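Results of the structural survey
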Amino acid sequence: MEFTLAQIAEIISASIEGDANAIVKTVCKIEAGFEGGLTFLANPKYTHYIYETKATAAIVNKDFVPEKNVPCALLRVENSYFAFAKLLDFYSQMMKNSKVGVSKMACIAESAKIGENVYIGEFVSVGENVVIGDNAKIYPHVCLGDNVKVGNNTVLNSGVKIYAECVVGNDCIIHAGTVIGADGFGFAAQDGEFTKVPQIGNVVIEDNVEIGANACIDRATMGSTIIHKNVKIDNLVQIAHNVEVGEGSACAAQVGVSGSTKIGKHCIFAGQVGVAGHLTIGDQTIVAAQSGVSHSLPGGQAYLGNPAIPINQERRLIIYRKKLPELFKQVDELEKK
Amino acid sequence: MEFTLAQIAEIISASIEGDANAIVKTVCKIEAGFEGGLTFLANPKYTHYIYETKATAAIVNKDFVPEKNVPCALLRVENSYFAFAKLLDFYSQMMKNSKVGVSKMACIAESAKIGENVYIGEFVSVGENVVIGDNAKIYPHVCLGDNVKVGNNTVLNSGVKIYAECVVGNDCIIHAGTVIGADGFGFAAQDGEFTKVPQIGNVVIEDNVEIGANACIDRATMGSTIIHKNVKIDNLVQIAHNVEVGEGSACAAQVGVSGSTKIGKHCIFAGQVGVAGHLTIGDQTIVAAQSGVSHSLPGGQAYLGNPAIPINQERRLIIYRKKLPELFKQVDELEKK
Amino acid sequence: MEFTLAQIAEIISASIEGDANAIVKTVCKIEAGFEGGLTFLANPKYTHYIYETKATAAIVNKDFVPEKNVPCALLRVENSYFAFAKLLDFYSQMMKNSKVGVSKMACIAESAKIGENVYIGEFVSVGENVVIGDNAKIYPHVCLGDNVKVGNNTVLNSGVKIYAECVVGNDCIIHAGTVIGADGFGFAAQDGEFTKVPQIGNVVIEDNVEIGANACIDRATMGSTIIHKNVKIDNLVQIAHNVEVGEGSACAAQVGVSGSTKIGKHCIFAGQVGVAGHLTIGDQTIVAAQSGVSHSLPGGQAYLGNPAIPINQERRLIIYRKKLPELFKQVDELEKK
C-alpha cells in the first residue's frame, strides 16, 4: 500500500515540511527507519534518532524545534503519539475493509443466508442453513458446516474450520487454521477397549472474541462449550469439550484446558499452562507460564508451579530448592558433631 | 435437525405421555433443560429435577411414578439410560451418514480408485493412485497426496492433509486440520550447518483409530511411523518420525512423542506430556499431565514429574518440597544448639 | 514409484547379482525387509541379517563375500553407505520435482508474478501483487495474502497460510497447515477490557529455512518477526510477534517463544520448551526439553528446568530433591538427640 505525504497529512491533520509527493509504504521505528518508512517522535529520549533516521518522514509535535538538520520530511501535528495511533487504526481498518464481495469460486449452499457487504473468498465452503452476518469477512478455504452461525463484522481467516451447529458471535476474529467444534475426546473404556461417546453438543463463541491461529475448541458432549464475550485466546490453544471461559479472560499460546472446567471472568493464563478437567477457577485468577492447575482455585490470586500453588509460596520454594546442596552439607556436619 | 416425539418413540420403542407432535431439536441435561430439548431420567438422585425441568420431553423408565406434576412430556421405555444411549448413537450415525456423493468441485486424479457410497466434498484434492474405501467421508479441503490409501468407513474432516504414500485404515476418524506424513525433523549437523536427511518412509494408521484436530504425525525417515489399532489421539498432539503407538493406547491433547520411541499397548498419556526419543514404554503405562518421560519405562505403572518417576514417589516429594521452609528453620535451630 | 534393479544399478553404478528386472518400490531396513524393498549393508554388525532378509535386493560393498546363501539380489558398489545415501537423495529430489505446472483450479490474481518452472496445485489462492520465484512448489489449498513474496525453489506444502505482506526466502520448506503472519497477541488492557493493538508488521523468513506442520509464526506489531537463514523449526511451534530467531538455530516440536525475544545463532531448543518475552538468548544456547526460560541467557551453555538454570546445577538439584525423604528423617533424628 502506498500513500503520499499529502494523503497522510489529510488523515491526521498535519502540516508538511518537505516533499508532499514523497511516498511512504509502511511505518517503522525511528531508530530503524528506511526509505519508504513513516515514523513518529513522541518520547523525548528518542529525539537524537531523528537527526540520523533513514525514514522518509516523521510525525512530530507541532512545537518540535530541531537542533540540527533533519534528514526526513516532517509532519507536524498537535500530538504525534495520538496521530500515529490514529494512522495505525486507519490503516488496519482499511486493510480489513479492502476485501468485499462473494467469490464465484466459493461453494455456498442455497439454504445459506448471507448478510450485506460480506466478503467470501475463493474455495470457501458454506453448508446448509448457515447464517453469515453483515460485514463479515470469510477468507479462502474456510469451511462452515451445516447450521453454523457467524455474526456481524466477524473475520474468519484462511482455513478456519467450523463444524456443524456451532455459533460465532459479532465482532470476532478467528485466525487461520483454527478448528471450532471438533469432537470432544470422550471415550468409555470397557474391557480395555475404547467406545466413542457421541459428541452431539456444539461450541458457542460470544461477541468480541479473538482466537489465534491453529487453535482448537472442541464441541460439548452435550450442551455447549462456551467462550464468553471479550475473551482472547492465542495460537495453538486447546479448549476441551464442555469448558466455559469467562468474560474478558485471556489464554496465551499453547495453553490447554481439559474437559468440563469452568474458568471465571478476567482470568489470565500465561503460555503453556495446563488445567485439569472438571475444575472451577474463580474470577481474576492469574496462572504463570507452564504451570499445571490440578485443583479448583478461588480466584483473585496468582499461581505458579506444577501443581500450581500461590505464586509467592512457589517462588520461595524455588529459592529453598536451590539451596538444597548447602542444606545437605549442613545436616551432614551436624550429624558428625 | 428436528424430530417429533412420535418419531423418537419409534426409534426407542417408547410409549408417549404428552403431545406426540411436539418437536425436539437436540438433547439436554435434565437440570439444564430448555424448549426443544430432550432429556432422560436414569439416576434416582436426579429425580427431583424432573418436576421443574424446562425440557420438552424426558425419557423415563416404564415404572416411573411421578410424585407430583411433571412439566414435560414423558417417553416411557424399558431402560431409560440404554434408550438414551441408543438415541445418541442413532443421531450421530445419522449426522455421519447425511453426507454422500462426490462434489463436482473436487479435483480427483483419474488414476484414483474411489469406493462405493463415498462422500467427497468440494475442494478436495485427491492425488494419483489414491485408493478410497467404501463409505468413506472426505470433507471439504482435504488433500490426499499420491498413492495414499484410506480405508472403509473412515471419516477425514475438513482440511486434513495426508502426504504421499501414507495409509489410513478402516473405521478411523481424523479431525480437521490434522497433518499426516509431513517430513520428520531429521537433520545432520555438520560444521554448524544442518543438512536435511531425506524422509522417505510413510505413516501407517491401523483400523479404528481416532485423531483429534490440528495434530501432526510425521512420516518415518525410512520404514513407517505406526499408529496401531484402537489408538485415540487428541488435538494438537505431536507424533515424531518412526514412533510406534501400541494398540489401544491414548494420548491427550498437546502430548509430544519424540522420534523412534515405541509406546506399548493400552498406555495413557495425559495432557501436555512429553516423551524423549528412542525410548521403549511398556504396556499399560500411565503418565500424568505435563510429565516428562526421559527414560524407558517397564509398563504397568503410573508416573509423574519431570523427569517422570513412579507417581507415589513423586507425590511424596511434592509434599516434602512444600515443607522445605520448615526444614531449613529446623536445621538452623539445630545448628544454634 | 517403481524401479527395476537395472535402473537402480545405473543410478549408483552397481553391478547386479540376481534378476535385473526385479522391481523395488521403496527402501527398507535390512532387519525389517519385505517384498519390493531395497536395503543396504554397511555396518558389519548387521551382516547376519542379510542371510535371512526378506528385501528384494541389497546394496553391498564390492568386496562383500557371503558365508552362506543370500536370499535377495545384490547390487555391488564401491561404498554401500554412500550409494544408499545417493539413492535417497535422488529419490527425494525426484519426488520433489515430479510436480510442475499451474492448475486451472488455482485462483491467481492477475497482478501476481509467477516464476519459471513453478508448480501451483489446485485450490491455491494467490493474492494481489504476490511474487513467486522460479521452481517454487505451491501445493493444494495454500493461501498467499496480498503482496506476499515466495523465493526460488521454495516448497509450501498443502494448506500453508501466509498472511499479506509476509516474505519467504529461497530454498525454504514449509509443511502443511503452518500459518505465517497471523496477528500477534497484542492487547492493551484498560479498565478490565482488552483493546486490540493493530499488528501491522510482517514476517520475514530468510533462505534455507524449514518449518514443520501446523506451526505458527506471528507478524510483528510493527517491523518484522524474523527467522534468519538455516533455521529449522519443528511441528506445532509458536513464534510470537517481533521475535527474532538467529541463523542456524533449531526449535523442536511444541516449543513456544513469547513476544519480542531475540534468540542468537546456533541455539537448540528441545521439545516443549517455553521462552518468556523480551529476553535476549546468546549464541549456542541449548535448552533441554520442557524447560522454561524466564531470564536472558549469555549463550554457550546448556540449561534445564523451570526456571531454567545451568543443566549440571539442575541435575544435581533433581538428585538432592529425590533424597528429601531421607533428609527429613535425618533431621528428625538429630532433633531427638
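Residues numbered from 1 in each chain as written. Chains lettered and ligands numbered in written order. Predicted model: local features only at pLDDT ≥ 70, side-chain atom pairs only at ≥ 80, totals over all residues. Heavy atoms only, no water.

1. Here's the deal with the relation of the copies chain B and chain C
Relating one copy of the chain to the other takes a rotation about an axis and a shift parallel to that axis. The condition that has to hold: All copies are superposed by least squares; the fitting set is the C-alpha atoms of residues with a pLDDT of at least 70 in both.
Superposing chain B onto chain C requires a rotation of 119° together with a translation of 0.1 Å along the rotation axis, leaving an RMSD of 0.3 Å. Here the two chains are linked by the operation of a three-fold rotation axis.

2. Structural notes on the environment of alanine 253 of chain C
We apply this condition: Helix and strand labels come from DSSP, where a helix needs a run of H or I of at least four residues and a strand needs a run of E of at least two; each type is numbered from the N terminus. Residue exposure (1.4 Å probe, protein chains only): buried if accessible area is under 20% of the type maximum, exposed if over 50%, otherwise partly exposed. The contact rule is simple, with two residues in contact once any of their heavy atoms fall within 4.5 Å.
Mapped onto the fold, alanine 253 of chain C is located in the loop between strand E31 (250-251) and strand E32 (256-257). We classify alanine 253 of chain C as buried; its relative accessible area is 9%. Along the primary structure alanine 253 of chain C and cysteine 28 of chain C are separated by 225 residues, whereas in three dimensions their C-alpha atoms are 26 Å apart. Setting aside its immediate chain neighbours within four residues, alanine 253 of chain C contacts Gln238 of chain B together with Asp234, Asn235, Val237, Gly271 and Gln272 of chain C.

3. Concerning helix H1 (residues 5-12) of chain A
Residues and elements named next belong to chain A. Note the threshold: It is the directions from the helix axis to the C-beta atoms that the arc portrays.
Listed in full, the buried residues belonging to H1 are Leu5, Ile8, Ala9, Ile11 and Ile12. In an axial view of H1, the angular spread of the buried residues amounts to 160°, which keeps them on one side of the axis. A positive backbone phi angle near 55° is found at serine 13, which sits one or two residues after H1.

4. Here we look at the sheet that holds strand E38 (residues 292-293) of chain A
All names here are of chain A. Let me state the cut-off plainly: Here, any two strands with at least 2 DSSP bridges between them count as paired.
With parallel pairing, 10 strands are arranged side by side in an open sheet as E9-E12-E15-E18-E21-E26-E29-E32-E35-E38. Each of the sheet's edge strands pairs with one partner strand only, and the pair in question is strand E9 (107-108) and E38. As paired strands, strand E26 (residues 216-217) and strand E29 (residues 238-239) are joined by 2 bridges and run parallel to one another. For isoleucine 217, the partnering residue across the bridge sits in E29 and is isoleucine 239.

5. Comments concerning a negative patch on the surface
The condition is simple: Here the term patch refers to residues with relative accessible area over 30% and no salt bridge, with like charges joined within 9 Å and nonpolar side chains (Val, Leu, Ile, Met, Phe, Trp, Tyr) within 5 Å. Note on areas: these come from Shrake-Rupley sampling with a 1.4 Å probe, and a residue is covered only by the protein chains present in the view. In what follows, salt bridge is the name for a side-chain nitrogen of Lys or Arg lying within 4 Å of a carboxyl oxygen of Asp or Glu. Positive charge is attributed to Lys and Arg, negative charge to Asp and Glu, and no charge count is given to His or to the chain ends. Lys charges are placed at NZ, Arg charges at CZ, Asp charges at CG and Glu charges at CD.
A cluster of acidic residues, Asp332, Glu333 and Glu335 of chain A, Asp332, Glu333 and Glu335 of chain B together with Asp332, Glu333 and Glu335 of chain C, forms a negative patch on the protein surface. Looking at the negative patch, the elements that each hand over two or more residues are helix H4 (324-336) of chain A, helix H4 (324-336) of chain B together with helix H4 (324-336) of chain C. By secondary structure assignment, the location of glutamate 335 of chain A is in helix H4. Residue classification places glutamate 335 of chain A among the partly exposed positions, given a relative accessible area of 38%.

6. Details of the packing of aromatic side chains
Note the threshold: Stacked, tilted and edge-to-face are the three classes applied to pairs of Phe, Tyr and Trp rings, where Trp contributes its six-membered ring and a pair requires centres within 6.5 Å; stacked means planes under 30 degrees apart, edge-to-face means over 60, and tilted covers the rest.
Evaluation of the coordinates by the stated rule reveals 27 aromatic pairs over all chains. With a centroid separation of 5.7 Å and 35° between ring planes, the pair formed by tyrosine 46 of chain B and tyrosine 49 of chain B is classed as tilted. Its relative accessible area of 33% is what places tyrosine 46 of chain B among the partly exposed residues. Judged by its relative accessible area of 26%, tyrosine 49 of chain B falls in the partly exposed class. With 6.0 Å between their ring centres and 65° between their planes, phenylalanine 187 of chain C and phenylalanine 194 of chain C make a pair best called edge-to-face.

7. Considering the side chain of asparagine 242 of chain B
Spelled out, the test is: Identification of polar contacts relies on pairs of N or O atoms within 3.5 Å, with a donor-acceptor requirement for protein atoms, meaning one able to donate a hydrogen and the other able to accept it, and with residues adjacent in sequence counted only if both atoms are side-chain atoms.
Among the structural elements, asparagine 242 of chain B can be located in the loop between strand E29 (238-239) and strand E30 (244-245). In this structure the side chain of asparagine 242 of chain B is engaged in a polar contact, spanning 3.0 Å, whose partner is the backbone oxygen of methionine 222 of chain B.

8. As for the interface of chain B and chain C
The following threshold applies: Reported buried area values correspond to the accessible surface (1.4 Å probe) lost by two parts on association, with both partners' losses combined.
Between chain B and chain C, the residue contacts involve 61 residues of the former and 52 residues of the latter. Here chain B packs against chain C, burying approximately 4,400 Å² in sum over the two surfaces, 64% of which is carbon and sulfur. Applying the counting criterion to the chain B and chain C interface returns 3 salt bridges. The salt bridge involving lysine 99 of chain C is made with aspartate 146 of chain B; its shortest N-O contact spans 3.2 Å. Linking chain B to chain C there are 23 residue pairs in polar contact (both at pLDDT 80 or more). Where the side of chain B that touches chain C is concerned, the elements lending two or more residues are strand E23 (193-196), helix H3 (311-322) and H4 of chain B.

9. Let's talk about the interface of chain A and chain B
With 60 residues of chain A in contact, the opposing surface of chain B contributes 52 residues. For the pair chain A and chain B, the two sides together bury roughly 4,400 Å², of which 65% comes from carbon and sulfur. Where chain A touches chain B, the interface holds 3 salt bridges. In this structure, the salt-bridge partner of glutamate 314 of chain A is arginine 321 of chain B, at a minimum N-O distance of 2.9 Å.

10. Considerations on the sheet that holds strand E29 (residues 238-239) of chain C
Residue and element names in this part refer to chain C. Read across the sheet, 10 strands follow the order E9-E12-E15-E18-E21-E26-E29-E32-E35-E38 without closing on themselves; strand pairing throughout is parallel. Lying at the two open borders of the sheet, with one neighbouring strand each, are strand E9 (107-108) and strand E38 (292-293). Taken together, the 2 bridges between strand E18 (residues 161-162) and strand E21 (residues 179-180) define a ladder with parallel strand orientation. The partner of lysine 161 across the bridge, within E21, is valine 179.

11. A look at the side chain of aspartate 146 of chain C
Its location among the elements puts aspartate 146 of chain C in the loop between strand E15 (143-144) and strand E16 (149-150). Under the relative-accessibility criterion, aspartate 146 of chain C is labelled buried at 18%. Ignoring sequence-local partners within four residues, the contact set of aspartate 146 of chain C consists of Lys99 of chain A together with Gly127, Glu128, Ala164 and Glu165 of chain C.

12. Describing unusual backbone geometry
As a rule of thumb, non-glycine residues mostly have phi less than zero, and peptide bonds are mostly trans rather than cis. Proline 307 of chain A follows asparagine 306 of chain A through a cis peptide bond whose omega is 0°. Within the element layout of this structure, proline 307 of chain A appears in the loop between strand E39 (302-304) and strand E40 (309-310). A positive phi angle, close to 70°, is found at asparagine 242 of chain B, a residue other than glycine. Given a relative accessible area of 10%, asparagine 242 of chain B falls into the buried group.

13. Brief notes about the pattern of salt bridges
Taken as a whole and assessed by the stated rule, the structure comprises 21 salt bridges over all chains. When the shortest N-O distance is used, the salt bridge between glutamate 78 of chain B and lysine 62 of chain B registers 3.2 Å. Taken together, the residues glutamate 78 of chain B in the loop between strand E7 (73-77) and helix H2 (80-97) and lysine 62 of chain B in the loop between strand E6 (57-61) and E7 connect sequence positions 16 residues apart. On the basis of relative accessible area, glutamate 78 of chain B is assigned to the exposed category, the value being 64%. When its relative accessible area of 53% is taken as the criterion, lysine 62 of chain B is described as exposed. When salt bridges with common partners are traced through the structure, they connect Asp183 and Lys196 of chain A together with Glu210 of chain B into a single cluster.

14. Brief notes about the pairing of strand E27 (residues 224-227) of chain C
Residues and elements named next belong to chain C. Residues Thr225 and Ile227 line the buried face of E27, whereas the alternating positions Ser224 and Ile226 sit on a face that is not buried. Pairing between strand E24 (residues 202-205) and E27: 4 bridges, direction parallel. Each bridged residue has a counterpart across the sheet, and for asparagine 202 the counterpart in E27 is serine 224. When E27 meets strand E30 (residues 244-245), the two strands line up parallel, connected through 2 bridges.

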